Each structure stands twice: as structure tokens, then as C-alpha cells.
Amino acid sequence: MSVDKPADRVNSAREETEARGETFYPGPSRTHLAAYPPKERWDDWTELDSQAWPRRKERHYSLVPTTCFNCESACGLLAYIDKATGEVQKFEGNPEHPGSRGRNCAKGPATLNQITDPDRILYPLKRTGKRGEGQWERVSWDDALDDIAGRIRKAIIEGRRDEIMYHVGRPGEDGFTERILAAWGVDGHNSHTNICSSASREGYQLWMGLDRPSPDHANAKVILLISAHLESGHYFNPHAQRVIDGKANGAKLIVFDTRLSHTATHADHWIAPYPGSEAAILLSIVNYLLQNNLYNREFVRRWWNWEEYLSVEFPQLETSFANFERILRENYSEYTFEFAAKESGVEARVLEEIARTVATAGSRFSSHNWRSASSGISGGWSVARCLFMLNALLGAIATEGGVFPNAWNKFVPKPIYTPPHPRMWNETTWPREYPLSMHEMSFLLPHLLRDGRARLDVYFTRVYNPVWTNPDGFSWIEMLIDQSLVGCYIALTPTWNETAYFADYVLPMGHGSERHDIHSYETHDSQWLGFRQPVLKAARQRDGEKIDDTREVNPGEVWEENEFWLELTWRIDPDASLGIRPFAESKNNPGSRLSVDEYYEWIFDNSVPGLPEAAAKEKLSPLDFMRRYGAFEVRRKVGALYEQSVPTEELEDARQDRFGRVYTKTARPASANTVPLPTMAPDPEGRRFAGVVVDGELKRGFPTPSGRLEFYSQTLSDWGWPEYAIPTYIKSHVHPDNLEDDQTVLISTFRLPVQIHTRSANAKWLDEIAHTNPLWIHPDHAAQLEIKTGDLVRVETEIGYYVVRAWVTEGIRPGIVACSHHMGRWKLREQGQRQLMATVKLDHQGSEWGIKREQGVAPYQSSDPDTLRIWWSDVGVHQNLTFPVHPDPISGMHCWHQVVRVKKAQPEDNYGDISVDTQKSRDVYKKWLEMTRPADKYSPDGTRRPYWMLRPLKPAPEFYRLPERSKELVGAD
Ligand code: SF4
């Protein structure tokens with residue numbers, strides 16, 4: 001009897017569909033979904049009006065693409081704009097988008113809720129009372145711009161560039177704002193990445209020089225996820241649909257997650273390890289592959305930097321691959337399944353079964369770790385590093401079904417202007433204690449300012465709500481209400497949030513369908529460019545209208561950021577005397593400000609290969625093509641770029657070192673256009689890295705210092721961490737050795753699939769689906785504590801506690817508790833969002849802070865009749881306020897998991913109570929600071945940071961030098 005395989009079933013369904021005469025959608029989605037309107041009819045798409053039923057009343061729509069802004073995936077959306085009313089009726093998927101292929105999660109269509117939110121901010125507001133008092137007056141954009149531009153100009157002229165900071169949560173764009181800061185000559189970029197994904201990035205960068213994986217899930221034989229990719233992982237909808245494609249094609253899915261996620265429910269192997277033990281499990285699989293010769297020897301021989309490892313660590317040995325293999329086996333022999341079982345609490349036989357499954361994958365092994373374990377624990381970067389070691393052993397890198405470096409599956413076009421690298425180093429974002437951090441030490445800002453290291457004169461937040469999102473939010477409030485620390489705080493936000501209450505200006509910015517951006521993400525083995533646009537502007541331009549400014553089409557005076565930043569830049573330097581204005585000036589009409597249309601027109605005309613030709617075929621300009629379809633696929637099946645040969649004849653004055661690395665005086669070899677090269681500072685004679693010789697041939701290689709995959713990190717060794725020079729298991733801050741008997745581990749990092757970090761509160765459909773965050777607790781654990789579902793429990797952290805309801809479930813490892821961070825929104829008074837924010841009372845006495853809930857949500861009268869139908873009152877509990885900062889000494893990542901005590905609530909406790917002592921959070925900050933190995937002491941070359949490592953807004957090389965040692969080093973040179 002033959003058994004029908006899933007892949008056969010998919011193919012036969014496809015054949016049947018084609019046999020019925022139906023065709024697949026011809027655009028990038030290449031799938032059959034009859035609901036997609038053919039693109040030829042996007043100018044006048046007709047649907048029947050459901051509200052007119054049973055009459056057949058037609059409604060006519062212009063379909064205009066844009067990009068969702070509700071997570072980092074940047075899926076395509078199609079706005080259905082009613083031709084009669086000129087309003088958006090709904091958002092659906094854009095089948096022309098190569099990443100999302102016409103599909104969205106619930107948050108995409110909920111963009112409609114956000115643009116029609118009756119509580120949204122429509123006009124620029126300026127504080128009138130004290131910070132946080134909630135007194136505001138409406139001001140004109142002109143007045144706000146002149147005031148802010150004047151402050152920035154003054155700071156620049158007075159040499160206080162380090163007092164200007166832009167702090168972004170969800171960027172949603174590729175480099176526009178970084179270039180604005182570079183134009184100002186300011187090293188003022190700050191991001192949210194160190195509370196998000198820095199740990200994983202560190203692990204990946206150490207191996208391959210690039211900081212994100214791009215797994216080809218759809219073509220894998222085995223998929224290993226340390227994340228919840230089917231509901232909330234990185235690039236979640238585009239990856240989720242490809243994980244399901246892979247499963248439909250017969251792939252085995254392995255999921256490590258201490259909590260039963262939706263992803264785990266789809267797994268062939270789900271294990272719930274003790275938090276922080278993941279790297280031990282991964283290394284036991286490594287050991288199994290090594291001891292049983294189940295790895296790709298040829299790939300390891302060609303592409304690992306084993307020669308460098310042997311020559312540095314074992315100089316007495318002959319540098320032969322045989323010696324390396326022997327040492328490799330010895331190194332990892334201690335990682336037995338029994339050892340991993342002891343650390344993880346997962347049976348050794350189960351781990352062995354998983355290892356056997358991994359071994360069947362060959363080069364079709366796709367894996368992903370993003371937040372999850374990496375972001376939870378100290379040393380979390382080693383989880384990603386050990387996971388990628390499996391790919392590196394199997395040769396499953398840039399293969400069909402393997403994992404690609406992100407930059408190879410991403411397309412970033414050259415912009416109209418590229419301002420020079422800032423000629424400064426900002427110690428507030430890149431303090432010398434964290435020379436290897438993957439991003440800015442953003443969540444330490446209140447502590448760094450309180451240390452007296454700096455002050456800020458102009459501080460912007462954008463799509464960012466640190467009081468709510470970051471750990472230690474009360475320290476953020478203390479910082480923001482102190483005007484000696486922050487001179488002027490400007491919140492750029494479409495909707496009210498907990499941080500904006502403490503601003504001087506609240507400036508209303510557009511949602512995903514009200515603004516321009518371009519972006520490209522590593523969703524699969526291809527390169528595509530997406531275009532976010534204000535859909536009402538695009539629709540009216542399609543009808544021949546001239547629209548100059550998005551405020552002409554957006555509600556109230558909501559603006560888009562591109563225009564805001566260009567205008568602000570123009571006003572900072574109105575006479576071009578500071579050399580800033582030229583970066584915001586039109587090329588077509590010199591002397592006038594660059595328009596957003598010209599900005600994108602230049603990019604689409606000049607720096608997207610194939611786009612002008614594709615547009616010409618449809619008799620469109622490249623800009624009109626992007627306005628019409630919203631995305632362009634630049635190339636498909638990028639392949640193994642590291643194997644690309646470098647023609648040696650194009651290299652000027654090339655030199656080769658003993659490890660085969662070739663350096664040249666050629667500025668940028670022509671063949672380098674598609675492969676990122678290591679960004680090492682040039683040698684004293686001006687030579688740059690060009691490639692690496694492998695078996696006698698010069699190859700492009702990987703953008704690491706060795707040009708190869710770095711099993712051995714000379715960087716870690718040189719910068720004070722020789723014990724971690726090769727992939728290693730690190731016992732984390734939540735390891736059982738570090739816990740007292742009555743303590744347990746809280747997993748606080750998981751997302752709810754239908755919520756957005758800080759922007760979901762104004763999406764009523766999403767609020768109705770998910771509006772609470774109970775504490776997950778296993779029945780055995782709950783029985784010990786005599787707790788039932790719905791009981792109030794107190795969760796005590798190092799600095800305080802919160803009170804939440806329990807949810808007793810077998811979906812969590814016994815003895816561990818979990819609570820989603822996607823809930824617990826609050827406001828101080830009725831002003832603000834009313835669908836998912838509780839009204840609270842803020843208590844403050846010295847360093848002691850507390851929150852008491854005064855009122856949950858309730859029905860209310862507004863321009864939207866649905867607000868009278870609100871049936872939920874709960875909004876969850878804000879747990880992040882009770883977490884101190886835990887900066888990992890290497891990656892800089894905030895280690896989110898908490899060591900807590902869970903107790904039955906006290907008689908005086910009420911749901912949503914929060915209590916924190918910020919003095920205790922200072923003490924924890926200082927304790928973690930002591931674990932660092934600062935550049936002052938450990939830098940091998942007098943610099944602040946290895947130049948080759950990625951860094952947003954990289955300063956000019958000379959500003960990498962530590963000032964105190966520069967003189968001494970110049971002498972030494
Ligand atoms: S995954 Fe959902 S929220 Fe994220 S971009 Fe796609 S549709 Fe939007």
C-alpha cells in the first residue's frame with residue numbers, strides 16, 4: 001500500500017486546481033487564492049456592499065498597496081479605497097509582495113482600527129504644566145519645528161552634539177533616519193535592540209560576520225526553532241508560512257520552548273528545557289555529530305577558521321585538519337546526552353532522538369533562534385552561536401533548505417545622499433564597559449545619566465515607549481521628569497503611550513498607510529524591496545491630483561516622518577552654513593527642500609537593478625511602478641555568495657597573509673557588489689580586505705576578520721574573553737546553582753500573536769481577541785502553592801513585585817512560570833487610549849514607586865459606535881516595571897528572565913498592583929556593571945570596539961580610538 005506524502009498531496013491539489021482551468025496568481029505569491037483581485041483591475045475593483053444586502057449595490061475601489069507597520073516583517077497590504085468616499089474601507093494582503101505573498105496576520109488588517117482610532121493624536125501638542133502633569137496645548141508644526149531646530153542648531157554650534165539623541169523602537173525602514181543624524185554630524189542613534197535581539201545577533205555575528213539568519217524553511221528537511229515562529233517569531237508571517245510549506249513538503253519540525261507555544265503544538269519534537277540549558281542540548285547534538293562522523297568534513301575543512309585556531313591555541317602542533325578534527329572531538333566530548341539531560345531536565349533518550357533527526361538533514365537544515373532563550377539569559381548569545389554551529393557542521397549555510405546570512409537575502413539601495421560618518425563617539429550609547437555589545441546600551445540610559453556621565457538637550461523617541469517596554473520603567477520616569485538630565489523630550493508617536501505623558505512635545509506621526517518608507521528583510525532566499533506609502537496620497541495622485549505633503553491627506557495634522565525629518569534638517573541649517581542643509585536639498589530644484597517624491601524617485605531610478613526595465617514594460621516610471629505594486633523582487637535564489645570567485649586581476653597591490661586573507665588597495669572590487677565585505681579599518685598602507693584563498697582560489701568568503709566562518713573568535717579572545725573563544729555552554733543567571741530554594745524562574749519574553757508591543761492598544765479588533773496576561777503555572781507547582789486558576793498571586797522580583805492572576809496549565813514546565821509582556825497598558829488620567837489602557841494612580845515616595853489600578857476599560861461614547869460595545873474590562877498587568885536591568889557583559893542584551901518568588905497574594909493586594917524601589921534597581925545595575933571587561937583595560941589596540949563589528953551610524957575610524965590612550969598609542973605606532 002502506498003502512503004500519500006504531504007508533498008504529493010500539495011502537488012496533486014495544485015494539479016487538480018489547474019485541471020479545473022483555474023490559474024495560480026501570476027505575481028510573487030504564486031499561489032491559488034481566488035480572492036486576490038487581478039492587478040489589472042486595481043484601478044476599479046468592484047465588490048457588493050454587504051450592508052446593502054439583499055440589494056445588489058456595487059462599491060468601487062482603488063486598490064493601493066502599502067506595507068504593514070505592526071511588526072518587523074513588513075508584509076504587503078492592499079488598501080481598498082472607496083472611490084465614492086475617498087476613505088479606506090479595509091486592508092487585505094498584497095499578492096505582489098514577495099515576502100508575505102498576499103498573506104497577513106491579524107495585525108495587518110487591524111491597521112484600519114489604528115487609522116480610525118477615535119483616541120489617536122491628531123495635532124502637535126506642547127506641554128504647559130510640569131512634566132507628567134498632563135497639561136497640553138495645541139501648537140503649530142511651524143512653532144514646534146522652529147523651537148526644536150533652534151535647540152539642535154545651538155547644541156551643534158556649541159559643540160554639544162552628544163546631547164542630541166534619537167531613540168527608536170520599531171524602525172520599519174532602512175537607514176533614512178540614520179542618514180539624517182549623519183547629516184547633522186551626530187552619533188545620536190539609539191535603538192531598542194538591546195532589549196530585543198542583541199544576544200542572538202552577537203552569536204550569529206561571531207560565526208559569520210553578519211548578525212541575522214535567513215533560514216530557507218520551505219526547502220528544509222529538518223527545521224529547528226528556538227522561538228515561536230508560527231505565531232510571533234522574527235519575520236513571523238513570512239517565515240511562518242514557509243515553515244508550514246516545509247512541513248507540507250515533509251520536513252520535521254523540532255521546537256525548544258519551555259512554554260507550549262502555538263509553534264510547539266505543530267512540532268514533531270517539542271521539548272520544554274529548563275530555561276538557559278539550550279546551549280548544553282545543542283552541544284550534545286554537536287558532540288553526537290562529531291563522534292559519529294555525521295558532519296560535512298569537506299565544508300568544515302574549507303570554510304572554518306581552524307588553521308587560525310590551531311596556530312594560536314596549539315602552536316606546538318602541526319596545522320593539519322586531522323589534528324583539528326581530533327581536538328574538536330575532544331573539546332565537545334564532555335557534552336554527552338546525559339550531561340545535557342542533567343542541565344535541561346529533558347530525558348537523554350529524547351535528546352538522542354532529536355540528534356538523530358538533525359543528522360538526517362544534511363545541508364537542508366534550517367534553524368532559527370531570535371529572542372526566546374537568547375534574550376532571556378546571561379550568556380544568551382551562546383545559544384545562537386551553538387545553534388549555528390549545527391549549520392556550520394552540516395554545511396547547511398546558504399544552501400537550499402539551509403540558513404543564509406541575512407544581508408545576502410536583503411536589498412538595500414543606495415540613497416540620493418550618503419552623509420559622512422559622524423566625527424564623534426557617543427559614550428552614552430556606546431559606553432566603554434561594553435565594547436562588544438551588538439547595539440546601543442539603550443536600556444541603561446537612566447542609569448548612565450544618573451551616573452553623571454552625560455545629559456541630553458534634545459531627546460526624541462519614535463515608535464518607542466521605554467517606560468512601558470523597557471525593564472525598570474520607574475527609573476525612566478525619574479530620568480524624564482528631571483529637566484537637568486533631559487532638556488527637551490519629543491515623543492513622535494501616532495498614539496498615546498506611557499512615555500509620551502512625560503514629554504515636552506507630542507508630535508503625531510502616521511501609521512503604516514500614512515507614511516513612506518522602504519525596507520527589505522530576509523524572509524527567504526531572494527532579495528526584494530518593499531515600499532510603504534500614504535495610500536490616500538497615492539490614490540489621488542493616480543487620479544491626476546498633485547499632493548505635496550502627506551498632511552494634505554492624513555487626518556488632522558498627522559504627518560509622516562520622512563517629511564518631518566527633511567523639514568527639521570532644513571530649519572537647523574537654513575543658510576547652509578553648517579554644511580547640513582545640502583543633505584536635505586533638491587537636486588532637481590537646487591535651493592529648495594528635497595521632496596519625498598524626489599527622494600524615492602531617485603532611488604528607484606538609479607539604484608534598484610531591474611526596476612526601471614520592469615516599469616518600462618508596463619509603461620510606468622519606476623516610482624509609479626512602486627506606487628502601483630508596492631514591492632519589487634530584485635533577485636531570486638541568491639545562493640552561496642561566499643563561494644563567489646574574486647578575479648585577482650582587478651586587485652591593486654594585493655597582499656596575502658599566512659591564513660590566506662588577501663588585502664588590496666583597490667577601493668571596492670567590482671565583484672564585491674553583491675557580497676558584504678568585512679568592514680575592518682584599512683591597514684597603515686590603505687589596504688582593505690578583498691577575500692580569502694581557499695584551496696588555491698580567491699573567494700569572497702564571509703565578512704569576518706578571518707574571511708571564514710569563525711569557530712574560533714580571535715576577537716573574543718583579544719578583548720578579554722578567551723574562555724569563550726570557541727562555542728561554549730555558559731551557566732546563566734537563572735541556572736539552578738544561582739537560585740534559593742523558594743525561588744523560581746519567570747519567563748517574561750513571549751509575545752501574544754495578535755498584539756503589537758506598544759501600538760496595539762488602539763486596535764479594537766486585537767484588543768477584543770487578547771486583553772490579559774495571566775501567570776502560567778504548572779498544576780504540580782500550583783498545588784504546592786495552593787493556587788487555582790484565577791487566584792491572585794504576588795510575583796516578587798529583585799526590586800519589587802506585581803500582582804496578577806494565575807492560569808494553571810500543563811503548557812509550562814513544572815516549577816517555571818511565564819507571563820507575556822504584551823499587556824498591562826496604563827494611563828494616568830482619562831486622556832489617552834481607552835480601549836486597552838487601565839487608569840492608574842502613581843504613588844511616589846523617595847525611591848519607592850507604586851501603581852494602583854483605579855479603573856479598567858469600559859464602554860464609552862466616541863465617533864466609533866464599537867466603543868460602546870467594549871465588553872472586556874481587564875487589560876493585564878505591566879510586569880516589566882518590576883524588572884531591574886540585566887545587561888549581558890558581552891552582547892549588552894538585557895537578560896529578561898527573572899529569578900522570582902511566587903506567593904499567594906496578601907490580603908491587601910489587588911489585581912494590577914505594582915511596587916518598586918528604584919534604589920534597589922540602581923544596586924542591581926552596579927552589580928551587573930562589575931561583570932564587564934571594559935575597553936579601557938581589555939582593548940588589545942587602544943580602540944573602543946573592534947572596527948569590523950556591526951554598529952549603526954559607524955563613526956569615522958579615528959573616533960574608535962580611546963582618547964586616554966590615544967597619545968600613548970600614537971607613540972607606540
Ligand atoms: S506579520 Fe502581521 S503584523 Fe507583522 S508585518 Fe505581517 S501582517 Fe503586519
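The sections below set out a description of the structure shown in this document. (Residues numbered from 1 in each chain as written. Predicted model: local features only at pLDDT ≥ 70, side-chain atom pairs only at ≥ 80, totals over all residues. Heavy atoms only, no water.)

1. Some words on the pattern of salt bridges
Here is step 1 of the chain: Scanning the entire structure with this criterion turns up 89 salt bridges.
Here is step 2 of the chain: Residues Arg455 and Glu163 are paired through a salt bridge, measuring 3.1 Å at the closest nitrogen-oxygen approach. You can see Arg455 sitting in the loop between helix H16 (445-450) and strand E15 (456-462) and its partner Glu163 sitting in the loop between helix H3 (141-157) and strand E7 (164-168), a full 292 residues away along the chain.
Here is step 3 of the chain: According to the relative accessible area criterion, Arg455 is partly exposed, its value standing at 29%.
Here is step 4 of the chain: On the basis of relative accessible area, Glu163 is assigned to the buried category, the value being 11%.
Here is step 5 of the chain: A salt bridge links Glu325 to Arg297; the shortest N-O distance between them is 2.6 Å. (Salt bridge = Lys/Arg side-chain N within 4 Å of Asp/Glu carboxyl O. Helix = DSSP H or I, 4+ residues; strand = E, 2+ residues; numbered from the N terminus. Buried < 20%, exposed > 50% of the residue type's maximum accessible area, 1.4 Å probe, protein only.)

2. Details of the site of the ligand
Here is step 1 of the chain: Taken together, Cys68, Asn70, Cys71, Ser73, Ala74, Cys75, Asn104, Cys105, Lys107, Gly108, Phe236 and Asn237 make up the full set of residues adjacent to the ligand.
Here is step 2 of the chain: Along the lines of polarity and charge, the residues of the shell around the ligand split into six nonpolar, five polar and one charged. (Near = heavy atom within 4 Å. Nonpolar A, V, L, I, M, F, W, Y, C, P; charged D, E, K, R; others polar.)

3. Notes on the nonpolar core
Here is step 1 of the chain: With 99 residues, the main nonpolar core has Tyr459, Met479, Leu746, Leu775, Tyr802 and Trp826 as its most contacted residues.
Here is step 2 of the chain: By residue number, the principal contributor to this core is helix H18 (residues 473-480), which donates five residues.
Here is step 3 of the chain: Once residues within four sequence positions are removed from consideration, Leu746 is found in contact with Leu775, Val795, Tyr802, Val817, Ala818, Cys819, Gln879, Phe883, His897, Gln898 and Val900.
Here is step 4 of the chain: Core analysis: the next-biggest nonpolar cluster, separate from the first, contains 88 residues, Phe299, Phe321, Leu641 and Tyr663 among them. (Core = buried A, V, L, I, M, F, W, Y, C linked by side-chain atoms within 4.5 Å. Contact = heavy atoms within 4.5 Å.)

4. As for the sheet that holds strand E17 (residues 505-508)
Here is step 1 of the chain: As summarised here, the arrangement of the seven strands in space is E6-E5-E17-E16-E15-E7-E8, forming an open sheet in which the pairing is mixed. Single-partner strands in this sheet number two, and they are strand E6 (136-138) and strand E8 (189-191). Adjacent strand axes in the sheet meet at a mean angle of 20° when their direction is disregarded.
Here is step 2 of the chain: Across three bridges, the pairing between strand E5 (residues 125-127) and E6 is antiparallel. Residue pairing for E6: Leu125 is matched across the bridge by Arg138.
Here is step 3 of the chain: The sheet contacts of H3 involve E5, E7, E15, strand E16 (486-493) and E17, and relative to E17 the element is tilted by about 120°.
Here is step 4 of the chain: Across the face of the sheet, helix H20 (residues 561-572) comes into contact with E7, E15, E16 and E17 while running at roughly 160° to E15. (Pairing = 2+ DSSP bridges. Axes fitted to C-alpha atoms, helices over the stretch in contact; angles between N-to-C directions.)

5. A few points about the sheet that holds strand E19 (residues 526-532)
Here is step 1 of the chain: Strand order in this open sheet of three strands is E18-E19-E20, and the pairing throughout is antiparallel. Where the open sheet ends on each side, the last strands, each with one partner, are strand E18 (517-519) and strand E20 (631-636). The sheet shows a mean angle of 10° between the axes of neighbouring strands, taken without regard to direction.
Here is step 2 of the chain: Where E19 meets E20, five bridges bridge the pair, whose relative direction is antiparallel. Within the sheet, the bridge partner assigned to Trp528 lies in E20 and is Glu633.

6. Notes on the pairing of strand E11 (residues 252-256)
Here is step 1 of the chain: Among the five residues in E11, four count as buried, and that is most of the element.
Here is step 2 of the chain: The pairing of strand E10 (residues 222-226) with E11 spans four bridges and is classified as parallel. The residue bridging Leu224 from the neighbouring strand is Ile254, located in E11.
Here is step 3 of the chain: Between the parallel pair E10 and E11, the chain is carried across by helix H6 (residues 236-248), and the sense of this crossover is right-handed. (Right-handed = clockwise from strand over helix to strand, strands pointing away.)

7. Let's talk about the environment of Gly402
Here is step 1 of the chain: Along the chain, Gly402 turns up in the loop between helix H15 (381-394) and strand E14 (403-405).
Here is step 2 of the chain: As a C-alpha pair, Gly402 and Ala106 span 296 residues in sequence and 29 Å in three-dimensional space.

8. A word on the packing of helix H8 (residues 278-291) against helix H12 (residues 337-344)
Here is step 1 of the chain: Contact geometry for H8 and H12: axes closest at 9 Å, N-to-C directions at 170°. As summarised for this structure, H8 and H12 are arranged roughly antiparallel, according to the angle between their axes. Between H8 and H12, the contacting residues are Ala280, Ile281, Ser284, Ile285 and Tyr288 on the first element and Phe337, Phe339, Ala340, Glu343 and Ser344 on the second.
Here is step 2 of the chain: In the contact of H8 with H12, the residues fall into seven nonpolar, two polar and one charged. (Parallel < 35°, antiparallel > 145°, perpendicular 65-115°, else oblique.)

9. Re the pairing of strand E28 (residues 800-808)
Here is step 1 of the chain: Here three bridges tie strand E26 (residues 775-777) to E28, and the two strands are oriented parallel to one another. Across the sheet, Leu775 pairs through a bridge with Ala806, a residue of E28.
Here is step 2 of the chain: Bridging between strand E27 (residues 792-796) and E28 involves five bridges; their strand directions are antiparallel. When the sheet's bridge partners are listed, Leu792 is paired in E28 with Arg805.
Here is step 3 of the chain: The hairpin formed by E27 and E28 contains three residues between the paired strands.

10. Points about the packing of aromatic side chains
Here is step 1 of the chain: Taken as a whole, this structure holds 56 aromatic pairs when the rule is applied.
Here is step 2 of the chain: Across from the ring centre of Tyr80, 4.5 Å away, lies the NZ or CZ of Lys90, which sits over that ring.
Here is step 3 of the chain: Positioned above the aromatic ring of Tyr801 is the side chain of Arg794, whose terminal nitrogen or guanidinium carbon lies 3.7 Å from the ring centre. (Phe/Tyr/Trp six-rings, centres within 6.5 Å; stacked < 30°, edge-to-face > 60°. Lys NZ or Arg CZ within 6 Å of the ring centre and 35° of its normal.)

11. Examining the side chain of His886
Here is step 1 of the chain: When you line up the elements, His886 lands in the loop between strand E32 (848-855) and strand E33 (898-904).
Here is step 2 of the chain: His886 has contacts with Phe443, His733, Glu798, Met893, His894, Cys895, His897, Gln898, Val924 and Trp928, leaving out every residue within four places of it along the chain.

12. Here we look at the packing of helix H4 (residues 176-184) against H20
Here is step 1 of the chain: Between H4 and H20, the shortest axis-to-axis distance is 11 Å and the interhelical angle comes to 5°. With respect to H20, the element H4 is oriented roughly parallel. Of H20, the residues touching H4 (which contributes Phe176, Thr177, Ile180 and Trp184) are Asn562, Trp565, Leu566, Leu568, Thr569 and Ile572.
Here is step 2 of the chain: For the contact of H4 with H20, a count of residues per class yields seven nonpolar, three polar and no charged.

13. Details of the state of the cysteines
Put plainly, a disulfide is one covalent bond tying together the sulfur atoms of two cysteines.
Here is step 1 of the chain: Taken as a whole and assessed by the stated rule, the structure comprises zero disulfides.
Here is step 2 of the chain: No disulfide involves Cys895; its sulfur sits 14 Å from that of Cys196, the nearest cysteine. (Disulfide = S-S within 2.5 Å.)

14. Some words on the environment of Val553
Here is step 1 of the chain: With respect to the helices, strands and loops of the structure, Val553 is situated in the loop between helix H19 (535-542) and H20.
Here is step 2 of the chain: The spacing of Val553 and Tyr911 is 358 residues in sequence and 43 Å in space, taken between C-alpha atoms.

15. A short note on unusual backbone geometry
Here is step 1 of the chain: The residue after Trp53, namely Pro54, is reached through a cis peptide bond having omega 10°.
Here is step 2 of the chain: Examined against the element boundaries, Pro54 turns out to sit in the loop between strand E1 (45-48) and strand E2 (58-67).
Here is step 3 of the chain: With a phi angle near 50°, Asp653 is a residue other than glycine that sits in the positive phi range.
Here is step 4 of the chain: Mapping Asp653 onto the fold places it in the loop between E20 and strand E21 (655-656).
Here is step 5 of the chain: Located in the positive-phi region is Glu786, a residue other than glycine, with phi close to 55°.
Here is step 6 of the chain: Glu786 sits in the exposed class, given a relative accessible area of 57%.

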